[in-house]
Amino acid sequence: MPTDTASQGYNDSIEQLFRFGFWLLVGSVVFSLLGMLLLKLFPAAWEIFGPMYDKLVKTPTWTFMAMLAILPVLMYGVSLGWKRMTFFVVWGCFIGGASELIGTTGFATWNGVALPFGAYEYTQWLGPKMFDHVPYFIPPSWFAMALVSLDLARRATGSRWTGVLLGTVFMVLWDVSLDPAMTKGQVPFWSYTVDGFYYGMPLSNWIGWLVVSLIIIVGYEFIGGGLKETNPWAPWLYVVNCAFPLGICLLEGLYIAVLAGGLATALPFAVIYLSNRREASIKTAQPQQA
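Each chain has its residues counted from 1, running along the sequence as written. Totals for whole chains, interfaces and linings use all residues, but because this is a predicted model, local features are given only for residues with pLDDT of at least 70 and pairs of side-chain atoms are given and counted only at 80 or more. To obtain the side-chain values, all non-hydrogen atoms of the structure were included, while hydrogens and water were left out.

S.K.: It is not clear to me how a nonpolar patch on the surface should be interpreted in this structure. Could you clarify?
M.R.: Patch membership requires more than 30% relative accessible area and the absence of a salt bridge. Residues of like charge join within 9 Å; the nonpolar side chains Val, Leu, Ile, Met, Phe, Trp and Tyr join within 5 Å. The method behind every accessible area is Shrake-Rupley, applied with a 1.4 Å probe, and residues are considered shielded solely by the protein chains displayed. A side-chain nitrogen of Lys or Arg and a carboxyl oxygen of Asp or Glu constitute a salt bridge if their distance falls within 4 Å. On the surface, a nonpolar cluster with roughly 640 Å² of combined accessible area is contributed by Val-169, Phe-197, Leu-203, Ile-207, Leu-210, Val-211 and Ile-215. Counting from the N terminus, the helices are the DSSP runs of H or I reaching at least four residues and the strands are the DSSP runs of E reaching at least two. By the element assignment, Leu-203 lies in helix α7 (residues 203–223).

S.K.: Please explain unusual backbone geometry as it appears in this structure.
M.R.: In this structure, the amide linkage connecting Leu-115 to the following residue, Pro-116, adopts the cis form with an omega of 0 degrees. Its location among the elements puts Pro-116 in the loop between β2 (113–114) and β3 (120–122). Positive phi outside glycine occurs at Phe-131, with the angle close to 50 degrees. By the secondary structure assignment, Phe-131 is in the loop between β4 (129–130) and β5 (134–135).

S.K.: Is there a simple way to explain α7 in this structure?
M.R.: Residue pairs spaced three or four apart in an α-helix point in one direction, given the helix's 3.6 residues per turn. Helix span is expected to be 1.5 Å times the residue number reduced by one. Between its first and last C-alpha atoms α7 spans 30 Å; for 21 residues at 1.5 Å apiece the expected length is 30 Å, and the two agree. Buried residues of α7: Ser-204, Asn-205, Trp-206, Gly-208, Trp-209, Val-212, Ser-213, Ile-216, Ile-217, Gly-219, Tyr-220 and Glu-221, and no others. Gly-225 lies just past α7 and shows a positive phi near 90 degrees. The rule is simple: take the accessible area with a 1.4 Å probe, protein chains only, and divide by the maximum for that residue type; under 20% is buried, over 50% is exposed, in between is partly exposed.

S.K.: Teacher, can you tell me more about the pattern of salt bridges here?
M.R.: Opposite charge on two side chains allows them to pair when their charged atoms are near. The full count for this structure, using the stated rule, is 6 salt bridges. A salt bridge links Arg-154 to Glu-221, with the nearest nitrogen and oxygen atoms 3.1 Å apart. Linking Arg-154 in helix α5 (residues 138–154) with Glu-221 in helix α7, this pair joins segments that are 67 residues apart in sequence. For Arg-154, a relative accessible area of 18% gives the class buried. Using a relative accessible area of 3% as the deciding quantity, one classes Glu-221 as buried. In this structure, a network of salt bridges that share partners links the residues Arg-154, Arg-160 and Glu-221.

S.K.: I would appreciate a short explanation of the packing of helix α6 (residues 160–184) against helix α8 (residues 234–251) in the present structure.
M.R.: Think of two packed helices as two axes; the pair is described by the angle between the axes and how far apart they sit. Fitted lines through C-alpha atoms serve as axes, helices being fitted only where they are in contact, and the angles separating the N-to-C directions of these axes extend from 0 to 180 degrees. Where α6 contacts α8, the axes come no closer than 7 Å and their chain directions differ by 30 degrees. In this view, α6 runs roughly parallel relative to α8, as classed from their interaxial angle. Read as a crossing pair, α6 and α8 show a hand that is left-handed. Each of Phe-170, Leu-173, Trp-174, Ser-177, Leu-178, Pro-180, Ala-181 and Met-182 in α6 lies in contact with α8, whose residues at this interface are Tyr-238, Asn-241, Cys-242, Pro-245, Leu-246, Ile-248 and Cys-249. In what follows, roughly perpendicular refers to angles from 65 to 115 degrees, roughly parallel to angles under 35, roughly antiparallel to angles over 145, and oblique to any angle outside these ranges. Put simply, a crossing is left-handed when the front helix is turned counterclockwise from the back one by less than a right angle, and right-handed when it is turned clockwise. We call two residues in contact when some of their heavy atoms are within 4.5 Å.

S.K.: How do you make sense of the side chain of Ser-213 when you look at a structure like this?
M.R.: Mapping Ser-213 onto the fold places it in helix α7. Among the residues examined, Ser-213 registers a relative accessible area of 0% and is labelled buried. Each residue touching Ser-213, except ones within four places of it in the same chain, is listed here: Trp-142, Thr-168, Met-171 and Val-172.

S.K.: What exactly am I supposed to notice about the state of the cysteines here?
M.R.: Put plainly, two cysteines are in a disulfide when a covalent bond ties their sulfur atoms together. The disulfide definition used here is simple: a pair of cysteine sulfur atoms within 2.5 Å. Counted under the stated rule, the structure contains 0 disulfides. Counting only cysteine sulfurs, Cys-242 is the nearest neighbor of Cys-93, a cysteine outside any disulfide, at a range of 19 Å. Cys-249 carries a free sulfur, and the closest cysteine sulfur to it, the one in Cys-242, is 11 Å from it.

None of this, on its own, says anything about what the molecule does.
Below, the structure written as structure tokens:
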């Protein structure tokens, strides 16, 4: 009994830490979007906030990125076990970070196209960079969202490979609103050296996202053993993470990105709903057939 009580207390502490981090994440989103709205509605406010604009952008953005990396660790660490959780972190960060370094350094090309995403570079807004190319916040974001995407996919199917493929697609759907917001907003976080068909994004970017996301999620599922159970906070984390760039796109007047990004954000939940409804109808029909 004392062991069970201590375990429950430990789990409660993890839950409290998660809730604090989640609302800090939400707060950073709200702060950023309200700040943008204020400056849009009252341009004269630039006279007050202009001198501190750098800090007003970086503080909530860096807070958001830090919480995005930490929250999945708190969400799944107990159920996965900390050894497996460590593998997930290392694998997601390594594959994501390596792909970004290859992409930003021009290390690999095919028919003149920089692999895996096309030629691009990061600006200074996301802070210090690995080898002066990739912000340290970027690899953990690959780890985090790939894991959350796999969680959502697990709600739609019991098949491991179908789950991997769905998780990969759900991961790519996030970028429908993310890239326009991060490249065409008032504060560009990265930029492409080519002019692609969708707000400057080249086709290679979509292919690169698919390939890198697939590698990460395959590692989670078949090397790391996959998720033992889904987490009730995963849908909320996915939505909040998509809502941030959607809000930026709306405030910046990128209405096609708002429409496309909104549909992309809703699609995973439509798939989950339809899959669960189909499964429920099959279960209901089975006794009648008997």
